[in-house]
Amino acid sequence: MVRHGHGHKHLHLKKHKKLFDYTVYAFMVATPLFELPQLWDIYSRKSAQDVSLATWGFFFIANIAWIIYAVQNKLKPLLVVYVLYILIEGGIVAGILLY
């Protein structure tokens, strides 16, 4: 830990921690992409049978809370992932309502 002249403390990250951070970022982006098959299935079959509006609606609403949290705390990686989630899950909710 280094203390700068103006009293702020900064932790210096080691290289292995940075590598782990990038690995986590990759998972953060990849995870919402695993919802794409559900989105594709709804629109390609034009059916949302057996797809729960309550479940996907809750996920969609929860994303709003996470986006607000990420903006307030200036957590750009979290903001990016939850915007991705809200886009995909918004499409799923729209498909459920449409079909």
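Use the structure listed above.
A few points on the structure. (Residues numbered from 1 in each chain as written. Predicted model: local features only at pLDDT ≥ 70, side-chain atom pairs only at ≥ 80, totals over all residues. Heavy atoms only, no water.)

**What to know about a nonpolar patch on the surface**
Consideration 1: Residues Phe20, Tyr22, Val24 and Tyr25 make up a contiguous nonpolar surface patch of about 420 Å² in total accessible area.
Consideration 2: Structurally, the position occupied by tyrosine 25 is in helix α1 (residues 15-33).
Consideration 3: Under the relative-accessibility criterion, tyrosine 25 is labelled partly exposed at 35%. (Patch = residues over 30% accessible without salt bridge, like charges linked within 9 Å, V, L, I, M, F, W, Y side chains within 5 Å. Areas by Shrake-Rupley, 256 points an atom, 1.4 Å probe, with all protein chains shown as cover. Salt bridge = Lys/Arg side-chain N within 4 Å of Asp/Glu carboxyl O. Helix = DSSP H or I, 4+ residues; strand = E, 2+ residues; numbered from the N terminus. Buried < 20%, exposed > 50% of the residue type's maximum accessible area, 1.4 Å probe, protein only.)

**Side note on helix α3 (residues 53-72)**
Consideration 1: Given a rise of 1.5 Å per residue, 20 residues ought to cover 28 Å, and the 29 Å separating the end C-alpha atoms of α3 matches this to within 8%.
Consideration 2: Among all positions in α3, only Trp56, Gly57, Asn63, Ile67 and Ala70 are buried. Across the axial projection of α3, the buried residues extend over an arc of 140°, all falling on one side. For α3, exposure combined with an orientation more than 90 degrees from the buried face picks out Ala54, Phe58, Ile61 and Gln72.
Consideration 3: Each element contacted by the buried residues of α3 is listed here: α2 (36-45) and α4 (76-98).
Consideration 4: The opening residue of α3 is serine 52, an N-cap whose side-chain oxygen sits 3.4 Å from the backbone nitrogen of alanine 54.
Consideration 5: At the exit of α3 stands lysine 74, carrying a positive phi of roughly 55°. (Expected span 1.5 Å × (residues − 1). Arc of directions from axis to C-beta. Contact = heavy atoms within 4.5 Å. Polar contact = N/O pair within 3.5 Å; in protein donor to acceptor, adjacent residues only side chain to side chain.)

**Comments concerning the packing of aromatic side chains**
Consideration 1: Here the structure, examined in full by the defined rule, presents six aromatic pairs.
Consideration 2: Seen in terms of ring centroids, tyrosine 43 and tyrosine 99 are 5.9 Å apart; in terms of plane orientation they differ by 80°. Their pairing is edge-to-face. Taken as a pair, tyrosine 43 in helix α2 and tyrosine 99 in the segment after α4 lie far apart in primary sequence, 56 residues in all.
Consideration 3: Among the residues examined, tyrosine 43 registers a relative accessible area of 31% and is labelled partly exposed.
Consideration 4: Look at tyrosine 99 and you get partly exposed, because its relative accessible area is 37%.
Consideration 5: Ring geometry for tryptophan 66 against tyrosine 69: centres 5.9 Å apart, planes inclined by 85°, an arrangement best described as edge-to-face. Of this pair, tryptophan 66 and tyrosine 69 both sit in helix α3, three residues apart, which is roughly one turn of the helix.
Consideration 6: The class for tyrosine 69 is partly exposed, based on a relative accessible area of 41%.
Consideration 7: An aromatic cluster is present here, built from Trp66, Tyr69, Tyr82 and Tyr85 joined pairwise through their rings. (Phe/Tyr/Trp six-rings, centres within 6.5 Å; stacked < 30°, edge-to-face > 60°.)

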